[in-house]
Amino acid sequence: MKAPNRDLLVLVKHARDNEEAMERELVQLNKLLMDVETQETFSHVYEIIDCNKFRINTDCRRIMKLIHNGEPPFVFLNNKN
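What counts as what
Residues numbered from 1 in each chain as written. Predicted model: local features only at pLDDT ≥ 70, side-chain atom pairs only at ≥ 80, totals over all residues. Heavy atoms only, no water. Helix = DSSP H or I, 4+ residues; strand = E, 2+ residues; numbered from the N terminus. Rg over C-alpha atoms; globule rule 2.2 N^0.38 Å. Buried < 20%, exposed > 50% of the residue type's maximum accessible area, 1.4 Å probe, protein only. Pairing = 2+ DSSP bridges. Axes fitted to C-alpha atoms, helices over the stretch in contact; angles between N-to-C directions. Contact = heavy atoms within 4.5 Å. Arc of directions from axis to C-beta. Patch = residues over 30% accessible without salt bridge, like charges linked within 9 Å, V, L, I, M, F, W, Y side chains within 5 Å. Areas by Shrake-Rupley, 256 points an atom, 1.4 Å probe, with all protein chains shown as cover. Salt bridge = Lys/Arg side-chain N within 4 Å of Asp/Glu carboxyl O. Lys, Arg positive; Asp, Glu negative; His and termini not counted. Charge placed at Lys NZ, Arg CZ, Asp CG, Glu CD.

A. Examining the overall build of the chain more closely. For the chain, the count of helices and strands is three helices and three strands. Each helix (α) and strand (β) of the chain, taken in turn from the N terminus, gives the series α-α-β-β-α-β. Compactness check: the chain gives a C-alpha radius of gyration of 19 Å against a globular reference of 12 Å for 81 residues, more than 25% above the reference. Projecting the C-alpha coordinates of the chain onto the three principal axes gives extents of approximately 60 × 25 × 20 Å. Taken over 81 residues, the chain has a buried fraction of 15%.

What follows is the structure, encoded as structure tokens:
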């Protein structure tokens, strides 16, 4: 299985010694990232700050709707970290 085209920086000491092991490691890393990078997890770490209505919204559906439709003026997507 070929890993999707993704920019990853993986630092290992012995990458040139065993190319098969490095390829397996990249495939496992890609599987892990595909499981974690979902809309649900994305919407849990972001919140909407609406300066027009003076509200902070953490609803998953509204966050995804804002992502797909674009941000109106003075409505911001904020990372909770």
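What follows continues from the structure just given.
B. Up close: unusual backbone geometry. Non-glycine residue phenylalanine 54 carries a positive phi angle of around 55 degrees. Residue placement: phenylalanine 54 occurs in the loop between strand 1 (46-50) and strand 2 (55-57). Phenylalanine 54 gets classed as exposed once you look at its relative accessible area, which sits at 75%. Of note, phenylalanine 74 is a non-glycine position whose phi angle comes to about 65 degrees, a positive value.

C. Examining the sheet that holds strand 1 more closely. If you trace the three strands from one edge of the open sheet to the other, you get 2-1-3, paired in antiparallel fashion. Every other strand in the sheet has two partners, leaving strand 2 and strand 3 (75-79) as the edge strands with one partner each. When strand polarity is set aside, the average angle formed by the axes of neighbouring strands in this sheet is 25 degrees. The pairing of strand 1 with strand 3 spans five bridges and is antiparallel. In the strand pairing of strand 3, isoleucine 49 is matched with phenylalanine 76. Lying on the sheet, helix 3 (residues 60-69) is in contact with strand 1, strand 2 and strand 3; it crosses strand 1 at an angle near 75 degrees.

D. Representation of helix 3. Three or more residues of helix 3 are buried, namely Ile63, Met64 and Leu66. In an axial view of helix 3, the angular spread of the buried residues amounts to 155 degrees, which keeps them on one side of the axis. The exposed residues of helix 3 that point more than 90 degrees off its buried face are Arg61, Lys65, His68 and Asn69. For helix 3, the elements touching its buried residues are helix 2 (39-44), strand 1, strand 2 and strand 3.

E. Representation of a positive patch on the surface in the model. On the surface, a cluster of positive charge is contributed by Lys53, Arg55, Arg61, Arg62 and Lys65. Of the residues forming the positive patch, the biggest block, three residues, is contributed by helix 3. Assessed through its relative accessible area of 55%, lysine 65 is described here as exposed.

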